[in-house]
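Take a look at the letters that make up each chain.
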Amino acid sequence: MKDVNECRARLAGIFNITVTPFDASGALDRAGLARSIERVIGLGYDGILIGGTYGEFPAMSPAERAELFRVAMEVAGDRVPVMLCSAASDARTARELTVLAGELGGLPMVTPPFVSEVTDGQIAAFFEEMAPLSRTGILIYNAPGIGITLAPDLIERLADIPGVAGIKQGDLSVTAIDRIANRLGGRIKLFCASDLAFLGPMMAGFDGISSTNSCALPELILATYRALETGDAATAREMHKAWYAFRALARRHGQPQMVKAAMNLRGFDGGHVRAPLRDLDAEAFSEVTAMMQALAADPRTKVTLKG
């Protein structure tokens, strides 16, 4: 993408949050990453997100993250829009990665600064500094999981910053979603950050969703989204129910480690997680195996297992 206007025009639909496949030694599996990207593009996903929270960016050095950006953009090219997570606890790193993401033609995804007792004014100043660094603008990620939740009042303030292409909203409380959809829809692009509960935000008028679980269940989650997109809410609801057991286990065992385990069971390139995360132990892996076998037996899912 060449600029923020093109970015805003193309930023919609279902984006796969591509997990970062590491081998047993902890090195990036470049070939596995390429296959994962090709898989979801081939299935018809509207975009991808690289190096996000579930892409394990906190466990990677800035140099590794820059390499991840370059590998992903080389594979994806301009076929689909690519979000590149440039969040960092060190603002200097966030600046460097934001500049690089824009230069590569991706959309930098930036979180609020990871510091305690930061004020709304300081958060706004941070995004005002980040937005002009990228020719494609920035995507603001409201990520409660990292300890800072952007309130709707502040989100509205941030939406007025030139260069803000959209927001990925991780606070899925009903009141926040209702206000954001109705007050910001059409001004910036609105993305639901979770595939666990995307039906409500999409019905409220959000522009798209991002999905980590689609690394393991790409066909099923894509079909669920497309049904909702075409107005078939009943089908979307039933298909969303079909993988509830997966979502429940993911909450128990954690993402991305469970998603990677499920990918490996399908013969996909999940690989391993990096410390401080740990691959699933034998008991948890057995639970995931049984759950995936049940999904494979359901004709609605199109899930197949390796072997």
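Up top is the structure these notes are about.
The rules we used
Residues numbered from 1 in each chain as written. Predicted model: local features only at pLDDT ≥ 70, side-chain atom pairs only at ≥ 80, totals over all residues. Heavy atoms only, no water. Helix = DSSP H or I, 4+ residues; strand = E, 2+ residues; numbered from the N terminus. Buried < 20%, exposed > 50% of the residue type's maximum accessible area, 1.4 Å probe, protein only. Contact = heavy atoms within 4.5 Å. Lys, Arg positive; Asp, Glu negative; His and termini not counted. Charge placed at Lys NZ, Arg CZ, Asp CG, Glu CD. 1 Å grid on protein atoms, 1.4 Å probe; cavity = no way out; pocket = protein on both sides within 12 Å on 5 of 7 lines; lining within 4 Å. Points joined across faces, edges and corners; volume = space filled by probe spheres on them. Nonpolar A, V, L, I, M, F, W, Y, C, P; charged D, E, K, R; others polar. Phe/Tyr/Trp six-rings, centres within 6.5 Å; stacked < 30°, edge-to-face > 60°. Lys NZ or Arg CZ within 6 Å of the ring centre and 35° of its normal.

> Mind laying out the overall build of the protein chain, listing which residues take part and the relevant values?
When its secondary structure is counted, the protein chain shows 13 helices and 8 strands. Counting every position in the protein chain, which comprises 307 residues, the buried fraction comes to 57%. Across the protein chain, contacts joining residues at least 24 apart in sequence account for 70% of those joining residues at least 6 apart. Between the mean site of the 31 positive side-chain charges and the mean site of the 35 negative ones, the protein chain shows a separation of 2 Å.

> Can you break down the layout of surface pockets residue by residue, with the values?
The computed volume of the largest pocket comes to approximately 560 Å³. In terms of lining residues, the largest pocket is bounded by 31 residues, among which Thr-53, Tyr-54, Tyr-141, Gly-145 and Gln-255 are the most central. Tallied by class, residues from the lining of the largest pocket come to 16 nonpolar, 10 polar and 5 charged.

> Which residues make up the packing of aromatic side chains, and what are the values?
Tallied over the entire structure, the rule returns 4 aromatic pairs. Here Phe-15 and Phe-191 contribute two aromatic rings whose centre-to-centre distance is 5.1 Å and whose plane-to-plane angle is 85 degrees, an arrangement assigned as edge-to-face. Within this pair, whereas Phe-15 is found in strand 1 (residues 13-18), its partner Phe-191 is found in strand 7 (residues 189-192), the two being separated by 176 residues in sequence. Overall, the relative accessible area of 0% leaves Phe-15 in the buried class. Residue Phe-191 is classed as buried on the basis of its relative accessible area, which comes to 0%. Measuring from ring centre to ring centre gives 6.4 Å for Trp-243 and Phe-246, while their planes differ by 65 degrees; the resulting arrangement is edge-to-face. Residues Trp-243 and Phe-246 agree in their burial class; the two are buried. It is Lys-168 that lies over the ring of Tyr-141; its NZ or CZ is 3.9 Å from the centre.

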